[in-house]
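Structure at a glance
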Amino acid sequence: MDLLSSIHQWPVDRVAAAVVLPDRHITTDGDLDARFEWASLTKPLVAVAALVAVEDESIDLDEPAGPPGSTVRHLLAHASGLDTDTDEVLADPGTRRIYSNTGYEQLRLLLEARTELGIDTYVAEAVLAPLDMSSTTLAGRAHTGATGTIDDLARFASELMAPTSTLLAPATRELLTTVAFAGLEGVLPGFGVQPHNDWGLGLELADDKHPHWSPAEASPTTFGHFGRSGSLLWVDPEVPVALAVLGDRPFDSWAPPLWRELGSAVIIEARA
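Reading guide: rules and limits
- Residues numbered from 1 in each chain as written.
- Predicted model: local features only at pLDDT ≥ 70, side-chain atom pairs only at ≥ 80, totals over all residues.
- Heavy atoms only, no water.
- Helix = DSSP H or I, 4+ residues; strand = E, 2+ residues; numbered from the N terminus.
- Contact = heavy atoms within 4.5 Å.
- Polar contact = N/O pair within 3.5 Å; in protein donor to acceptor, adjacent residues only side chain to side chain.
- 1 Å grid on protein atoms, 1.4 Å probe; cavity = no way out; pocket = protein on both sides within 12 Å on 5 of 7 lines; lining within 4 Å.
- Points joined across faces, edges and corners; volume = space filled by probe spheres on them.
- Nonpolar A, V, L, I, M, F, W, Y, C, P; charged D, E, K, R; others polar.
- Salt bridge = Lys/Arg side-chain N within 4 Å of Asp/Glu carboxyl O.
- Buried < 20%, exposed > 50% of the residue type's maximum accessible area, 1.4 Å probe, protein only.
- Pairing = 2+ DSSP bridges.
- Axes fitted to C-alpha atoms, helices over the stretch in contact; angles between N-to-C directions.

Position of arginine 97 relative to the elements: it lies in the loop between helix H2 (72–76) and helix H3 (101–115). If near-sequence neighbours (up to four positions away) are discounted, arginine 97 is found in contact with Ala77, His78, Ala79, Ala180, Phe181, Leu184, Glu185, Gly186, Val187, Asn197, Asp198 and Trp199. Looking at arginine 97, its side chain comes within polar contact range of the main-chain oxygen of asparagine 197, at 2.8 Å.

In this structure, the largest pocket spans a volume of roughly 370 Å³. Around the largest pocket, the lining is made up of 19 residues, and of these Ser40, Tyr99, Phe226, Gly227 and Arg228 lie nearest the centre. Those elements that place two or more of their residues in the lining of the largest pocket are strand S3 (36–39) and strand S8 (223–226). Counted by class, the lining of the largest pocket contains seven nonpolar, eight polar and four charged residues. Estimates place the volume of the second largest pocket at around 200 Å³. Here the residues of the lining of the second largest pocket sort into six nonpolar, four polar and four charged.

Another point: the pattern of salt bridges. A side chain with one charge may pair with a side chain of the opposite charge, provided their charged atoms come close. Applying the stated criterion across every chain yields a total of nine salt bridges. Two residues, arginine 14 and aspartate 248, come together in a salt bridge whose shortest N-O distance is 3.7 Å. In this pair, arginine 14 is assigned in the segment before strand S1 (15–21) and aspartate 248 in the loop between strand S10 (241–247) and helix H7 (255–271), connecting sequence segments 234 residues apart. According to the relative accessible area criterion, arginine 14 is partly exposed, its value standing at 34%. Residue classification places aspartate 248 among the partly exposed residues on the basis of a relative accessible area of 33%. Where glutamate 204 meets lysine 209, a salt bridge forms, and the shortest distance between an N and an O atom there is 2.7 Å. Summarising the burial analysis for this pair, glutamate 204 and lysine 209 share the class buried.

With that settled, consider the sheet that holds S8. Taken in spatial order, the six strands line up as S2-S1-S10-S9-S8-S7 in an open sheet, and their pairing is antiparallel. Both outer strands of the open sheet, strand S2 (25–30) and strand S7 (204–205), are each paired with one neighbouring strand and no more. Judged from the two bridges that link them, S7 and S8 form a sheet pairing that is antiparallel. Within S8, the position partnered with glutamate 204 by the bridge is glycine 224. Along the sheet, H7 makes contact with S1, S8, strand S9 (232–236) and S10, crossing S10 at roughly 150°.

Shown next, in the form of structure tokens:
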């Protein structure tokens, strides 16, 4: 896709992008060998690893975790009531959608205790190795810290769009993109209050959110995540197509219009 060449006009020093179509057809452009910071795209990796742990019966989605009344399910879906970056509890579990880095770190502690492995090792064994994401590493955290190439992120996107491995059973995988605690109001970081800030267990759901970082042409079933480092990953299962981008300029006002412009072009071409 020549349309990816537009990333070279972005106000970033280094950038790479990938479009993923069915049958593992991946087109890339940019700094393909560079290892970028994924920032909050670390969370979907950890969420998938947590669901592997659920299938292994190392943890249970409905066991207590986090503040009183919260469970593993609440932590994965940013519904525990925990503040973004502190241990302060701002709401009762299941009553507000509060995007919480702290919640993912509390999930990390539980995973490490139950699996007797550091989060880096566990995610590598549970997710990275099965998907042949050989360039990606974590940094001892669950909410941020992953680094890797665009090829690895594209492999992850492809697995989310059209699973071909035995990584997760279909019913478990659906939990990533099925609304957990539907109808909760909350702030979508960078895009303000959303009356229905719907998330699955680790992935954000576009639904009818406005404003949003995915393109206007994307279906309401689109899901994904973005990171403070300027990274993004979304999958539109109805087209189907996925877009992954990694860069070295932190997220700010420059990013959403360029992300949406590129995303619109990708969807229009994929539908043609």
